[in-house]
Number of protein chains: 2
Amino acid sequence: MRVMLTEDGPATARDGATAVTAPRGRPGPSMADVAALAGVSSQTVSRVSTDPEKVRPQTRERVLAAMAQLGYSPNNAARALRYGSFETIGLIAHRLARTGESRTVEAVVEAARSHGYTVSLVDVQSPSSTDVDAAVARLTHQAIDGLVIIRAETATPATLALPARLPVVVSDSRFIGHHPAVATDQTTGTRQAVEHLLALGHRTVHHLAGPEDSSPAQLRVEAWQRCLEDQGRPVPPLVRGDWSARSGYETGLALARDPSVTAVFCANDEMAAGLYRALHEQGLRVPDDVSVVGFDDIPLAEYLWPPLTTVAQDFHLIGRLLVDLLLQQVTEATDLADHRALVPVELVVRGSTAPPSDRAGR
Amino acid sequence: MRVMLTEDGPATARDGATAVTAPRGRPGPSMADVAALAGVSSQTVSRVSTDPEKVRPQTRERVLAAMAQLGYSPNNAARALRYGSFETIGLIAHRLARTGESRTVEAVVEAARSHGYTVSLVDVQSPSSTDVDAAVARLTHQAIDGLVIIRAETATPATLALPARLPVVVSDSRFIGHHPAVATDQTTGTRQAVEHLLALGHRTVHHLAGPEDSSPAQLRVEAWQRCLEDQGRPVPPLVRGDWSARSGYETGLALARDPSVTAVFCANDEMAAGLYRALHEQGLRVPDDVSVVGFDDIPLAEYLWPPLTTVAQDFHLIGRLLVDLLLQQVTEATDLADHRALVPVELVVRGSTAPPSDRAGR
DNA sequence: GGGTGCGATGTTTACGTCAACATCGGGCGG
DNA sequence: CCGCCCGATGTTGACGTAAACATCGCACCC
């Protein structure tokens, strides 16, 4: 089947009938090989790679030379087995390429590294329990010390089969109370956006919402509605997108045609960009005819035209907190069952909001 | 430290003075524990998890029940040690949250999963050899069967210390000839963009380039220049950004003030968005006054105003090819030293390009 | 000059799993 | 009715590493 580069013993030991189920990976040299070449015991080789100080420089040199000559590198399976830890955390994400997700992933990876951990990443196709379950199985079949789940929207604690004793942190509020969670302060963020628009003089604020099965989207809808009711404003009919710019554009066309729409709060920046295009196509100006507020503060938000007023999420902080909470459980065996970190947001006012003009009268 | 669930011998074996260096992770139940509870040998437990058919249903049930009761899941370090493979590939990326990167990562993760592999992700701060080296060390210190390096711009084959026998694939052309590589067809893409603008009647095309240390950016610069020369057009001075929308905006301000600029080819879409803003701020219209072409075709490109004409990269295909080439080496021990996959691109014409008007004459 | 203590190195063993081989028991053919 | 064969399960050993313990040699001190 394949060329045995380093086989020195009788070939039948590894070839022959057992070839199919035999070990796959390149069986590179082991400590024993290095030890033999350097004329020391394998334990000395081990010491060289873990604590060089404990070995006499002269011996160390010999061992290092042997390592280099053989191209030795330690077998991590064996190390992990020995140590009982992989120094690896699992990360389950959905739609990884989305802005918020990729930034959170970046932060998680970075925070993990700063603690000496690596990240094993699985991207689930759909946020259903079935898919998330499969991802969990795949990761525990791999080797992880803990698990971070980012926005597994439709999965619920009841439906998710997690291995016993596996520390978990989630960034989806649906799991709050069941697992430690990190969540953006959706309510305050939404409130700031809506109140900003009302303060500018708009009679009410339309909402271009995210999909129903998304917990953050749902929270934003509720906060938007409550905020309007608190202020005694009429609550206009809800418009739903799917987070994509396309959906913002398509649903935005209807909003653009409705002269009563003077202010729109979009559940994310991508949909706001889609709405921008719909408004532009209808010959409407932002913010003169319609004010727009987004959510997330993606890097491009500042460079849309006009620059988008939006609620900035601190994805970086989310990622860091996720890792912190997870490693707290991993290293200290702490039970954080209902711990909940709320990440603050900040309204960034740019050029897409202004007092209303009389659209209907134009 | 923690409750010893499965400890049956003297507690001092694991507690006491050795706690600091003792195995960390939850040493959950092993096959032996399950076997004891089910009243079978550990080999039978092993058979239940690897080949249930070989065990009598009655026995199987007992074992499964014991597994469930103890919350057993196989120790993958031991499995990996036994099999010689982790079914995991390492992935080194730089600036993970960038559009192209996150989409490539997504595709790699997905392709890896379809082959039954998991992805270990490391995001390097800078693309320098030092950082990439550290990432490689971190990953091989972990457990991987192969390594994918995405755009490690400034690292070069000579400076990078890769473990012997570790299969590698890169998506950076700087490594072509040293490792199998997957690269977007920068030259053709650039050519299409420039020729599209020239065909519309522009006298020449300015270029808003990516950073000097980026190999794709360099290739685009060279292709742009060669293309202009081939057509006998003047080659205007080069303008450099750093891929960010901000840099596109800042350098774009100068372009906007130069009346000889009628067409700009931007090295990516983000910088094109920044340029849009600079042009808008100067009261210039796209494409009436200045035509703009981007590169990448990010999801938002279609929803900028006007929709951006751009060169679409197939990040998904890149990811798939990376994994294919890597696993070919991993599973077949093939030497692909100078294999090189070129991923085609496609010019997507939208609303940001048009024949030139006489800017200077306005 | 004979401990004595310490630094350097070797030996043993366990980590958890699974392939290979061993064993055991029952059904079936001769 | 005996023996053979096969299916089900048990036993042994090896994967590569590193902790724990053992050993060896040497310098230093009384």
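Calculation notes
Residues numbered from 1 in each chain as written. Chains lettered and ligands numbered in written order. Predicted model: local features only at pLDDT ≥ 70, side-chain atom pairs only at ≥ 80, totals over all residues. Heavy atoms only, no water. Helix = DSSP H or I, 4+ residues; strand = E, 2+ residues; numbered from the N terminus. Expected span 1.5 Å × (residues − 1). Buried < 20%, exposed > 50% of the residue type's maximum accessible area, 1.4 Å probe, protein only. Contact = heavy atoms within 4.5 Å. Phe/Tyr/Trp six-rings, centres within 6.5 Å; stacked < 30°, edge-to-face > 60°. Pairing = 2+ DSSP bridges. Axes fitted to C-alpha atoms, helices over the stretch in contact; angles between N-to-C directions. Near = heavy atom within 4 Å. Polar contact = N/O pair within 3.5 Å; in protein donor to acceptor, adjacent residues only side chain to side chain.

J.: Tell me about helix 7 (residues 186-199) of chain B, and please be specific about residues and values.
T.: Each turn of an α-helix holds 3.6 residues, which means side chains three or four residues apart point in the same direction. Residue and element names in this part refer to chain B. The terminal C-alpha atoms of helix 7, which comprises 14 residues, lie 20 Å apart, in line with the 20 Å expected from a rise of 1.5 Å per residue. Among all positions of helix 7, only Q186, G189, T190, A193, V194, H196, L197 and L198 are buried. Among the structural elements, strand 5 (181-184), helix 8 (215-230), strand 8 (263-266), strand 9 (291-296), strand 10 (309-312) and strand 12 (346-348) are those in contact with the buried residues of helix 7. One or two steps after helix 7, the chain reaches G201, where phi turns positive at roughly 110°.

J.: Tell me about the environment of P211 of chain A, and please be specific about residues and values.
T.: Residues and elements named next belong to chain A. Mapped onto the elements of the fold, P211 is located in the loop between strand 6 (206-209) and helix 8 (215-230). Taking C-alpha positions, P211 is 7.1 Å from W243, a pair spaced 32 residues apart along the chain. In this structure, P211 is in contact with A217, Q218, R240, G241, D242 and W243, ignoring residues within four places of it in sequence.

J.: Explain the packing of aromatic side chains to me, using residue names and the numbers behind them.
T.: Enumeration over the complete set of coordinates arrives at four aromatic pairs over all chains. Here Y249 of chain A and Y303 of chain B contribute two aromatic rings whose centre-to-centre distance is 5.8 Å and whose plane-to-plane angle is 55°, an arrangement assigned as tilted. Residue Y249 of chain A is found in helix 9 (residues 245-257), and its partner Y303 of chain B is found in the loop between strand 9 and strand 10; the two belong to separate chains. Here Y249 of chain A and Y303 of chain B have matching classes, each one buried. Ring centres 6.2 Å apart and planes at 55° place the aromatic pair F265 of chain A and F295 of chain A in the tilted group. Separated by 30 residues along the polypeptide, F265 of chain A in strand 8 (residues 263-266) and F295 of chain A in strand 9 (residues 291-296) bring together distant segments of the chain. Comparing F265 of chain A with F295 of chain A, the two get one shared label, buried.

J.: Can you lay out the sheet that holds strand 12 (residues 346-348) of chain A for me, pointing to particular residues and giving the numbers?
T.: Residues and elements named next belong to chain A. With mixed pairing, the six strands of this open sheet are ordered in space as 7-6-8-9-10-12. Two strands bound the open sheet, and with one partner strand each, they are strand 7 (239-240) and strand 12. In this structure, strand 6 lies alongside strand 8, joined through three bridges in parallel fashion. By the bridge assignment for strand 8, H206 is matched with V264.

J.: Residue-level account of the sheet that holds strand 10 of chain B, with values.
T.: All names here are of chain B. Strand order in this open sheet of six strands is 7-6-8-9-10-12, and the pairing throughout is mixed. Looking at which strands have only one partner, the edges of the open sheet turn out to be strand 7 (239-240) and strand 12. Sheet topology note: the strand 9/strand 10 ladder contains four bridges and is parallel. Pairing of F295 across the sheet is with V311, part of strand 10. Relative to strand 6 (residues 206-209), helix 8 is tilted by about 175°, and along the sheet it contacts strand 6, strand 7 and strand 9.

J.: Could you give me a rundown of the pairing of strand 3 (residues 146-149) of chain A, with the residues and numbers involved?
T.: All names here are of chain A. Burial along strand 3 is two-sided: G146 and V148 and L147 and I149, pointing in opposite directions, are all buried. The pairing of strand 1 (residues 88-94) with strand 3 spans four bridges and is classified as parallel. Counterpart to L91 in the pairing with strand 3 is V148. Pairing between strand 3 and strand 4 (residues 168-170): three bridges, direction parallel. Each residue of the ladder has a partner; that of V148, found in strand 4, is V169.

J.: An account of the protein's contact with DNA strand D is requested, with residue identities and associated values reported.
T.: Around DNA strand D, a shell composed of 24 residues is seen, among which M31, Y72 and R79 of chain A together with T44 and T59 of chain B lie nearest. Sugar and phosphate atoms constitute 62% of the interface atoms of DNA strand D, taking the interface as everything within 4 Å of the protein. Taking M31 of chain A, its main chain carries an N or O atom lying 2.6 Å from a phosphate oxygen of DNA strand D. In the environment of DNA strand D, a sugar or linking oxygen lies 2.8 Å from a nitrogen or oxygen atom belonging to the side chain of R82 of chain A. For the surface near DNA strand D, the elements supplying multiple residues, two or more each, are helix 2 (42-50) and helix 4 (76-83) of chain A together with helix 2 (42-50) and helix 4 (76-83) of chain B. Top element by residues in the surface near DNA strand D is helix 4 of chain A. It accounts for five residues.

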